[in-house]
Structure formats: C-alpha cells, structure tokens
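A look at the structure
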Amino acid sequence: MTEFSYRVAIKPMVPGDKADPANFRILESMPVRSIITSPGNGAKLAAGTKELKLRGAAWAGDLTVKQVDVSTDAGATWQRAKLENPKNKYDWQRWTATLKLPSDGYFEIWARATDSNGTMQPHQVTAWNPQGYGGNAMHRIAVLVG
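Below you will find a few notes about this structure. Note that the structure is a prediction, hence the values are computed from the model and not measured. (Residues numbered from 1 in each chain as written. Predicted model: local features only at pLDDT ≥ 70, side-chain atom pairs only at ≥ 80, totals over all residues. Heavy atoms only, no water.)

1. Notes on the side chain of arginine 112
Short version of the rule: We count a stretch as a helix when DSSP gives it H or I for four or more residues in a row; a strand needs E for two or more, and each element gets its number in order from the N terminus. The classification of residues rests on relative accessible area computed with a 1.4 Å probe and restricted to protein chains. Under 20% of the type maximum is buried, over 50% is exposed, and intermediate values are partly exposed.
Of note, arginine 112 is situated in strand β10 (residues 105-115). We classify arginine 112 as buried; its relative accessible area is 13%.

2. Remarks on the sheet that holds β10
Put simply, the test is: Strand pairing is assigned whenever DSSP identifies at least 2 bridges connecting the two strands.
A sheet is described by the order of its strands in space; here five strands give the open sequence β4-β11-β10-β6-β7, paired in mixed fashion. Edge positions in the open sheet fall to β4 (43-45) and β7 (79-80), since each of these has one partner strand only. Relative to β10, strand β6 (residues 65-71) runs antiparallel, the two being bridged by six bridges. Within β10, the residue paired with valine 65 across the bridge is aspartate 115.

3. Considerations on the packing of aromatic side chains
Note the following rule: Centres within 6.5 Å make a pair out of two Phe, Tyr or Trp rings, where for Trp the six-membered ring is used; the pair is then stacked when the planes are under 30 degrees apart, edge-to-face when over 60, and tilted otherwise. Whether a charge lies above a ring is judged from NZ of Lys or CZ of Arg, which has to be within 6 Å of the ring centre and within 35 degrees of the ring normal.
The final tally for this structure, using the stated rule, is two aromatic pairs. Between tryptophan 59 and tryptophan 92, the ring centres sit 5.9 Å apart and the planes meet at 20 degrees, which makes this aromatic pair stacked. Residue tryptophan 59 is located in strand β5 (residues 51-59), and its partner tryptophan 92 is located in the loop between β8 (82-83) and β9 (93-100); the two are separated by 33 residues in the primary sequence. Here tryptophan 59 falls in the buried class, since its relative accessible area comes to 18%. With a centroid separation of 6.4 Å and an interplanar angle of 55 degrees, the aromatic rings of tryptophan 78 and tryptophan 110 are classed as tilted. With a gap of 32 residues between them, tryptophan 78 in the loop between β6 and β7 and tryptophan 110 in strand β10 connect regions that are remote in the sequence. Looking at tryptophan 110, the relative accessible area reads 8%, which means it is buried. The ring of tryptophan 78 has arginine 112 lying over it, and the distance from NZ or CZ to the ring centre is 3.9 Å.

4. Digging into the environment of isoleucine 10
Threshold: Contacts between residues were defined by any pair of non-hydrogen atoms, one from each residue, lying within 4.5 Å.
Relative to the assigned elements, isoleucine 10 resides in the loop between β1 (7-9) and β2 (24-26). Of the residues examined, isoleucine 10 reaches a relative accessible area of 52% and is grouped as exposed. Once the C-alpha coordinates of isoleucine 10 and aspartate 73 are considered, the two residues, 63 residues apart in sequence, prove to be 34 Å apart. With residues up to four places along the chain from it excluded, the contact list for isoleucine 10 reads Ala22, Asn23, Phe24 and Arg25.

Written out as structure tokens, the structure is:
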C-alpha cells in the first residue's frame, strides 16, 4: 500500500495534477456505493410503458448496506428498493425496485445507498485521487419511453 494504491489525498488536489505521495493517507474503509445493473443506460422502452423494473447491487466495504433508494425526478422524491441480505460479510447486496412512470418521455433514474453507519452516497464526488478511490457518486442511468 505504497505510493497511491489504496490511498486518498489528505488535502484536496486538482484532478489530473501530479500527485505528491506525502499528501496521501491509507484508505481504511471503502465508501458506500450502489449501481443500477438493469436496465442498461440508454434503454429504449415501448410507448405506453407504465412500470420500470430495476435491478442493482450495493456495497459498503467492511460495513453493510442499510438501504437503497431510487428516484426518477433528480432526487426530489425517493422510493425504497427491496434489499437482499449479503451472502457473506463483504458481498455486494442485490436490490430490486419497480418504479411507476407517469408518461412517455426521457427519464434519468438515480440510485443511492446508505451504509450501516448512516453515510449516504453523495450526489457528486468531491475528493479526486489518481486511483479513483472514493468515486462513489450516486449512479444514474437514462431511459427513453416511447
């Protein structure tokens, strides 16, 4: 775990700048994250589709995922997903959700996870580092209905 492997910046750095090994500390716990695995980004659904079935996975490193929420309105409202228990302590937890779609059109679906300490995925990543550790912003996909 030398140089930049499993390390994050102590002081914020400009993305792409030359990294100084003295400005890094060991990452002790991976941050919570969730991903949407189905449908894929850019999915096109038939006109008149009123429900969207989602599948995904969430992970919290050495913690567990407490909940996963999904949104179709840029996070103004959230719906709780059904979260499965992990198969072992460090496994990704699978989740599912069914969303009601109000009309045909373009939708951006967001997913966010919350870990057992209450830490939630951020809207965007604020602490850039060369290896991408901490890159756990809410996952988003786009779907087009009609």
